[in-house]
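# A look at the structure
Okay, here's what each chain looks like letter by letter:
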Amino acid sequence: MPPLLEVKNLQTHFITRSGVARAVDGVTFSLERGQTLGLVGESGSGKSVTCSSIVRLLPKGSGRIVGGEVLFEGRNLLDISENEMRRIRGSQISFVTQDPMTSLNPVYSIGNQMEEPLRYHQGMRNHGQLHAKVVEALTQVGIPSPERRVKDYPHQLSGGQRQRVVTAMAIECQPSLLIADEPTTALDVTVQIQILRLLKDVQKELNLGMILVTHDLSVIARTCDKVAVMYAGRIVEEGPIDEIFARPRHPYTRSLMRAIPQIGRKEDRLYSIPGQPPDVRRLPQGCPFAPRCPDVIDRCTHEAPTEQFFGSNHRARCLRAEEMGAS
Amino acid sequence: MTGYIVSRLIQTLVTIVGISVVVFFLARLSGDATALLIPPEATAEDREALKESLGLDDPLPVQYGIFVKGIITGDFGDSFRFGEPALDVFLDRFPNTLKLAAASAVVALLGGVSVGVLGAIRAGGFVDRLTTVIALLGQAIPSFLIGIMLILFFAVELRWLPTSGMAGPKTFIMPAIASAWYSMAALTRMTRSSMLDVMETDYIRLARLKGVPERAVIWKHAFRNALVPILSLFSLQIIFFVSGSVVIEQIFAWPGIGQLTIQAIFSRDYPLVQTIVFVTSTFLVLLNLGVDLLYAVIDPRIRLA
Amino acid sequence: MERDNYWTRNMRRRIGRRGFLQTSGVAATGLAAAAAFGCGSDDDDETTTATATGTASATGTATGSATGTSTASATAAKPAGSIKVSVATLQEQSASPFFQTGGLSSPIYFHAYEGFFGGDLAAKSTPRLALSMEQPEPTTITFKLRPGVKFWDGTDVTAEDIKWSFDAYVGNNPPAPPSAKIKNSVTSVDITGTDTITIKFKTPVVFQMEEMGVTGVSRGWPVSSRAHYEKVGAEGFKSQPMGTGPFAVKENKVGQYIDLVANELYWNKAWVPRVQNVRLNIVPDQQTRIAQIKTGEADIIEGIIGPAAETLKNESSIKIVKTDNTAQMTVRFQDLWDPATTSVQKDPRFREAMKLAVDQESIAKNLLKLGAPGPDILVFPNSTGYDANMFKPLKRDVAKAKDLIKQAGAEGQEFRLGSYSSSSYPMIPEIMQAYASFWKEIGINTKIETKESGAYFTDFQAKTPRGLGPISFPNFSNGGILLVTYYKKGGAYATTDNDDEIQALIGKLETEIDPKAQEELIKQGLKLAYDKHYFIAAPYVESQWAISSKIKSWERQAGLPYVNSLQTVTL
């Protein structure tokens, strides 16, 4: 049986007036049912574009998938028709989006919006049935008195509730893959934890494969089985969560870890990685992280690092990966 | 919702009372009606007699009171010029204006919205560029020129349509297009930009991520959200349609209220001016109320606020 | 004094309308949409009519045969076919004989109604419902009625109907403009025999009721049937009126059209219409009317002004016909009325210089593309008292004008010139621009002020306008009425109050009932105004119509800017 999702050498480019932006530049990873992959990186590193590319919903006009394969249950999603793709979206592959405040359509009731996946994917027309399904889904995500909430409009709900609604909408059709794109960024810290717990619960309950996109390693640490760190459109390090946290092989991963505020660590200021992420339209020769790397050596500026494997499932793209693991 | 309706109703009532005051005094500011009705060499007694017969000898507040009483009883007095009840003279024409207004509104709305939506979903493409050009032309070419060009082309060259007048459905086509022209262009631009704004939103992205078919994404999710600014603009445009375009009526020999209004103002026919302006404005105020209630239907945030 | 009422009343209505017509911004009206009291005579380029001089004999008696035309023989055929006529406006468009408001709605009156006398094609006042009139004393006029005249429904017109119509006419609310005048000046209307009606007046009637009629050459009031009125009732009468004219009113759709149908019973067999059905369509825009004649939606369109006429010249199926001298415009010196002012306008040398500076020929040829230079005086070639030898248009003479300006010490002076549009005269604003540049050449600066027509009229009454002001009006056949209106001391429109010579002539004119003697006095009065340079003229203009090839011939009344005499249309 093929893995749930296998992304091979995915390349997504944006054609802009000032040049070609290689937003996703040869991304490869795979995911099994029941597994959670954390996709981490700074803004602009290509994590969201990778997710959008999986379901082929890139901004109109400029974004284009130029290479690679997206094998979903063995089937290349890049080869199927738009209509087939649409039928997969929201049924087999579901999304939980970033900002629950703006992700729900303000002019339709919760019930109306929640009925849509059922109508479009399961052809359900019966009002009573739809209503029952919606209420069931709302109950499942822990919305109190769901019967009443169905008639409410998004602006009558709190942010956390709205994210629960978005989640409920995502799982209604029993998907096998759930992509949560920074699902907690826009929420209060206390609510963040609840939503993460909810996602985790849902994932376990339905035995979903889940991709959790975040720029926050601490979120990954709490929820994921494995993690892929992206930088400048590539995965610079990937491995099982304990492996990565125990022995990060890439200086960028290490920097991200230093940026996690930790109780008990005495530091005047929160660590932040110096410099700016590189412009993906003009990547430097050599390692793209070299200009910001604390461990940079001469070779890094002119020699592009290749992937090195450490064991069967830990890989990193750094010339000094070997010595990093040792330190 | 009830609170919203009640407050809008009260506002509407206040507006109508305001209109009655403004109409009454503005009509009288246009000049002395008797100056155009009797010769300058008429004696002072003649003048007084005329004023008395027209009810212009009473103090202004009394005249206003009579006017308000007339509004309630539906008696707006006799037109100085036509010798008929002013309301009859007005109502003889107003349906013609309303029919053309309705036709123009449909043309403007259907044309503006469909072209605007098309431009928005094909943003940057050829259709979009064509749309922008059309919208620009619409706002740059005056409607009388469009009217004359339509006549020359469809009536004189092709002989498809009658030049003017109000007879069958065919006679509505050219005047409706000419009077809708400007509004259609404005609505096209508004629809395009409003739709473009909405298409960028997260809820449109989520709708697509849910696998909603593109047609439903556009018309269900995007269009209804884009509709509020479109409707606001449209309700402004309706004012022009309903108050009767003098230029369009002139070119297409349309028996509407536009020409009648000008005639009444220039001849200082107070009862007729008052009737036209009051009834038309009241109609528009009510229409506006209708549009406001429609907002509430469209957007729950207004309804439930 | 009172005599001025009718004239000025019409004047007022005309100005009111002008405003209405000009607002649209599109070249709309031209001459044909002109003013309220139409009348005139002479000079129709298509029609040959006998040139009758005076309208009455020396004893104050007018008799005449039926108004005939050269085509009188072609009368036997039954009316057939239909035509559509597009007019710019019919104003209030009342179908009632008793609420006919004047010039702009006169196409209705001309075809449906008549009184004792009316205009013939030469615009001379000729007998209609009367056979003759007599004025045995200045305050009494007796009309002898024409026998056998029938209403549209075939019933006979009786003296009783005529008397009843008088009461209905003056009692109509709102009053038709001339009816107020009649009401105020008439003491009694009596049936003084089976076929005689005698009217007694409060004051001597100088112009034999000409200024009282619905048009300047008609006498009396529109006549309708009492029996019919009582049958259909007051409201029904408005939409189903009754008259004696060559056409009957079939349907009146206010603001859209009026349908007329031939009256085969018309008493004058020469004027029984040859066309059965006539629709007068209201089409305010000239461009649309032109489109209509091209598509065949109209057979006659009115109000074709210069440049538009030229574009139609190439159309083989369309013909342009015109009636000459239908309107005139003059610039008046508006300071003259004020005895207190020391304005240089009071210097005849200045006024003459201003006249000499103007090039009327160039205005007619290059700007209006129609019309012909006229004398600097308020008069028409067919007006009573006009004399072509006495009143010659002045030739432009800039050198002489400059010299006169120097003599008058007016160099470098600035004048206000009120400019406004008119429905009776085209392109007034453009012409005023041209005049200002003519005057600039002789060292006079002009400040043009454009005014809303109604406000202008109010100013006019209040005598607040100073400087110069154009005034236009359609053809008017009695120079005496013009003289009294514009020259009489203290009159509302007078600008020559202080001229004792003219005042003396007017005094004589107001007591003279003999038409011959009247004409002589009018001529003398006009001569004085001409010699004293009281007005600066713009060209006389003609009215133009476009007709389709469907129409073989159409004779029109001289001097009349409105659609008229459709009974003469032959297909």
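Below is a summary of the structure that appears in this document. Note that the coordinates shown come from a computational prediction; the quantities given were computed from them, not determined experimentally.

Quick look at the overall build of chain A now. Scanning chain A from N- to C-terminus turns up 12 helices and 12 strands. A compact globule built from 327 residues should have a C-alpha radius of gyration of about 20 Å, and chain A, at 21 Å, falls within 12% of that. Its C-alpha atoms give chain A principal-axis dimensions of roughly 70 × 50 × 40 Å. Counting over 327 residues, chain A shows a buried share of 56%. Here chain A displays about 14,400 Å² of accessible surface, and carbon together with sulfur accounts for 48% of that area. Of the side chains in chain A, 40 bear a positive and 36 a negative charge, and the two mean positions are spaced by 3 Å.

The subject of this paragraph is the overall build of chain B. Helix and strand content of chain B: 14 helices and 0 strands. The helix and strand sequence of chain B, counted from the amino end, reads α-α-α-α-α-α-α-α-α-α-α-α-α-α. Seen along its three principal axes, the alpha-carbon backbone of chain B occupies a region of about 85 × 55 × 30 Å. Looking at the 305 residues of chain B, the share that counts as buried comes to 54%. Considering only contacts in chain B between residues 6 or more positions apart, those separated by 24 or more positions represent 73%. Summed over its atoms, the accessible surface of chain B is roughly 13,200 Å², and 70% of this surface lies on carbon and sulfur atoms. When the 23 positive and 23 negative side-chain charges of chain B are each reduced to one mean point, those points stand 18 Å apart.

Residue and element names in this part refer to chain A. With respect to topology, 4 strands assemble into an open sheet ordered S2-S1-S4-S5, the strand pairing being antiparallel. Two strands bound the open sheet, and with one partner strand each, they are strand S2 (19-31) and strand S5 (75-76). Strand contacts of helix H1 (residues 47-54): strand S1 (5-16), S2 and strand S4 (63-72), with the helix running at about 110° to S1, the strand carrying the most contacts.

As a rule of thumb, nonpolar side chains are buried together in soluble globular proteins. Counting residues in hydrophobic clusters, the biggest one holds 94 residues, and the most contacted among them are Leu 5, Ile 54 and Ile 211 of chain A. Dropping the residues within four chain positions of it, Leu 5 of chain A is found in contact with Phe 29, Ser 30, Leu 31, Ile 54, Val 70, Leu 71, Phe 72, Leu 177 and Ile 211 of chain A. In terms of nonpolar packing, the next biggest core, distinct from the first, is built from 83 residues, Leu 100, Tyr 203, Ile 238 and Leu 272 of chain B among them.

Okay, helix H15 (residues 515-531) of chain C next. All names here are of chain C. An ideal rise of 1.5 Å per residue puts 24 Å on 17 residues; H15 measures up with 24 Å between its terminal C-alpha atoms. Buried residues of H15: Pro 515, Gln 518, Leu 521, Ile 522, Lys 523, Gly 525, Leu 526, Leu 528, Ala 529 and Tyr 530, and no others. In the stretch just after H15, His 533 is the one whose phi turns positive, near 60°.

Contact with chain A, which involves 30 residues of that partner, is made by 22 residues of chain B. Roughly 2,400 Å² of surface becomes buried between chain A and chain B when both sides are summed, with 57% attributable to carbon and sulfur atoms. Two residues, Lys 220 of chain B and Glu 116 of chain A, come together in a salt bridge whose shortest N-O distance is 2.9 Å. Counting across the interface, chain A meets chain B through 14 residue pairs in polar contact (both at pLDDT 80 or more). Of all the secondary-structure elements, those providing two or more residues to the side of chain A that touches chain B are strand S6 (93-96), helix H3 (100-103), helix H4 (110-122) and helix H7 (159-171) of chain A. Top element by residues in the side of chain A that touches chain B is H4 of chain A. It accounts for 6 residues. Looking at side-chain class alone, the side of chain A that touches chain B contains 13 nonpolar, 11 polar and 6 charged residues.

Residues and elements named next belong to chain B. Where helix H10 (residues 214-242) meets helix H13 (residues 270-298), the closest approach of the two axes is 10 Å, and the angle between their N-to-C directions is 175°. By the angle between their directions, the pair H10 and H13 is classed as roughly antiparallel. When H10 is examined against H13, the residues Arg 224, Leu 227, Val 228, Leu 231, Ser 232, Ser 235, Ile 238, Ile 239 and Val 242 are found in contact with a partner set consisting of Thr 280, Phe 283, Leu 284, Leu 287, Val 291, Leu 294, Tyr 295, Val 297 and Ile 298. Looking at the contact of H10 with H13 residue by residue, the class counts come to 14 nonpolar, 3 polar and 1 charged.

Residue and element names in this part refer to chain C. With their axes 9 Å apart at the nearest point, helix H3 (residues 159-171) and helix H5 (residues 226-239) run at an angle of 60° to one another. Classified by the angle their axes make, H3 and H5 are oblique. Between H3, through Glu 160, Asp 161 and Trp 164, and H5, the contact on the second element is made entirely by Arg 226, Ala 227 and Tyr 229. Split into classes, the residues belonging to the contact of H3 with H5 amount to 3 nonpolar, no polar and 3 charged.

Turning our eyes to something else, we now look at the environment of Arg 282 of chain A. The topology assignment puts Arg 282 of chain A in the loop between helix H11 (251-258) and strand S11 (308-310). With 262 residues separating them in the primary sequence, Arg 282 of chain A and Val 20 of chain A have C-alpha atoms 8.6 Å apart.

Attention now moves to a nonpolar patch on the surface. All names here are of chain B. Among the surface-exposed residues, Val 17, Val 21, Val 22, Phe 25, Leu 26, Leu 29 and Leu 60 lie close enough to one another that they form a single nonpolar patch of about 620 Å² accessible area. If one sorts the elements of the nonpolar patch by residue count, helix H1 (residues 2-29) sits on top with 6 residues. Using a relative accessible area of 33% as the deciding quantity, one classes Val 21 as partly exposed.

On to empty space enclosed by the protein, then. Residues and elements named next belong to chain C. With the rule as written, the count across this model stands at 16 cavities of 30 Å³ or more. In this structure, the second largest cavity occupies an estimated 160 Å³ of space. Around the second largest cavity, the lining comprises 18 residues; the ones closest to its centre are Phe 110, Gly 118, Gly 119, Arg 128 and Gln 557. Of all elements in the fold, only helix H2 (106-112) and strand S3 (117-119) reach the threshold of two or more residues within the lining of the second largest cavity. If one sorts the elements of the lining of the second largest cavity by residue count, S3 sits on top with 3 residues. In terms of residue class, the lining of the second largest cavity is built from 7 nonpolar, 9 polar and 2 charged.

Here the focus is the pattern of salt bridges. Residues and elements named next belong to chain A. All told, the structure shown has 46 salt bridges over all chains when counted by the stated rule. The shortest N-O distance in the salt bridge between Arg 56 and Glu 82 comes to 3.8 Å. Taken together, the positions of Arg 56 in the loop between H1 and S4 and Glu 82 in helix H2 (residues 82-88) put the pair 26 residues apart, joining distant regions of the chain. Glu 82 gets classed as partly exposed once you look at its relative accessible area, which sits at 43%.

Calculation criteria
- Within each chain, residues carry numbers counting from 1 in the order of the written sequence.
- For this description, chains carry letters from A and ligands carry numbers from 1, given in the order in which they are written.
- In view of the model being predicted, local features appear only for residues whose pLDDT reaches at least 70, and side-chain atom pairs are presented and counted only at 80 or more, with totals across whole chains, interfaces and linings using the full set of residues.
- Hydrogen atoms and water are omitted, and side-chain values are computed over all heavy atoms in the structure.
- Per the convention used, a helix needs a DSSP run of H or I reaching at least four residues, while a strand needs a run of E reaching at least two, with both numbered from the N terminus.
- Our radius of gyration looks at C-alpha atoms and nothing else; its globule reference is 2.2 Å times the residue count to the power 0.38.
- We call a residue buried when its accessible area falls under 20% of the maximum for its residue type, exposed when it is over 50%, and partly exposed in between, using a 1.4 Å probe and counting protein chains only.
- Areas reported here follow the Shrake-Rupley algorithm with a probe of radius 1.4 Å; residue values treat only the protein chains shown as occluding.
- Under the counting rule used here, the positive set is Lys and Arg, the negative set is Asp and Glu, and His together with the chain ends is not counted.
- In this description, the location of a charge corresponds to atom NZ of lysine, CZ of arginine, CG of aspartate or CD of glutamate.
- We call two residues contacting when some pair of their heavy atoms lies within 4.5 Å.
- Paired strands, as defined in this entry, are two strands with at least two bridges between them according to DSSP.
- Lines fitted to C-alpha atoms define the axes, with helix axes restricted to the stretch in contact, and inter-axis angles between N-to-C directions lie between 0 and 180 degrees.
- Here, the term nonpolar core denotes a set of buried Ala, Val, Leu, Ile, Met, Phe, Trp, Tyr and Cys residues that are joined through side-chain atoms within 4.5 Å.
- The span you would expect from a helix comes to 1.5 Å times its residue count less one.
- Summed over both partners, buried area is the accessible surface (1.4 Å probe) that two parts give up on being assembled.
- Salt bridges are identified by distance alone: a Lys or Arg side-chain nitrogen within 4 Å of an Asp or Glu carboxyl oxygen.
- Definition of a polar contact: a pair of N or O atoms within 3.5 Å, with one able to donate and the other able to accept a hydrogen when the atoms are protein atoms, and with sequence-neighbouring residues admitted only if both atoms are side-chain atoms.
- Note that Gly is not counted as nonpolar here; it falls among the polar residues with everything else outside the nonpolar set of Ala, Val, Leu, Ile, Met, Phe, Trp, Tyr, Cys and Pro and the charged set of Asp, Glu, Lys and Arg.
- What sets the label is the angle itself: under 35 degrees gives roughly parallel, over 145 gives roughly antiparallel, 65 to 115 gives roughly perpendicular, and the rest give oblique.
- Patches in this entry comprise residues that are over 30% relatively accessible and not in a salt bridge; like charges within 9 Å are linked, as are nonpolar side chains (Val, Leu, Ile, Met, Phe, Trp, Tyr) within 5 Å.
- As defined here, a cavity is a set of points on a 1 Å grid over the protein atoms alone where a 1.4 Å probe fits but cannot get out. A pocket is an open set with protein on both sides within 12 Å along at least five of seven lines, and residues line them when an atom is within 4 Å of a point.
- Grid points are joined across faces, edges and corners, and a volume is the space filled by probe spheres set on the points.

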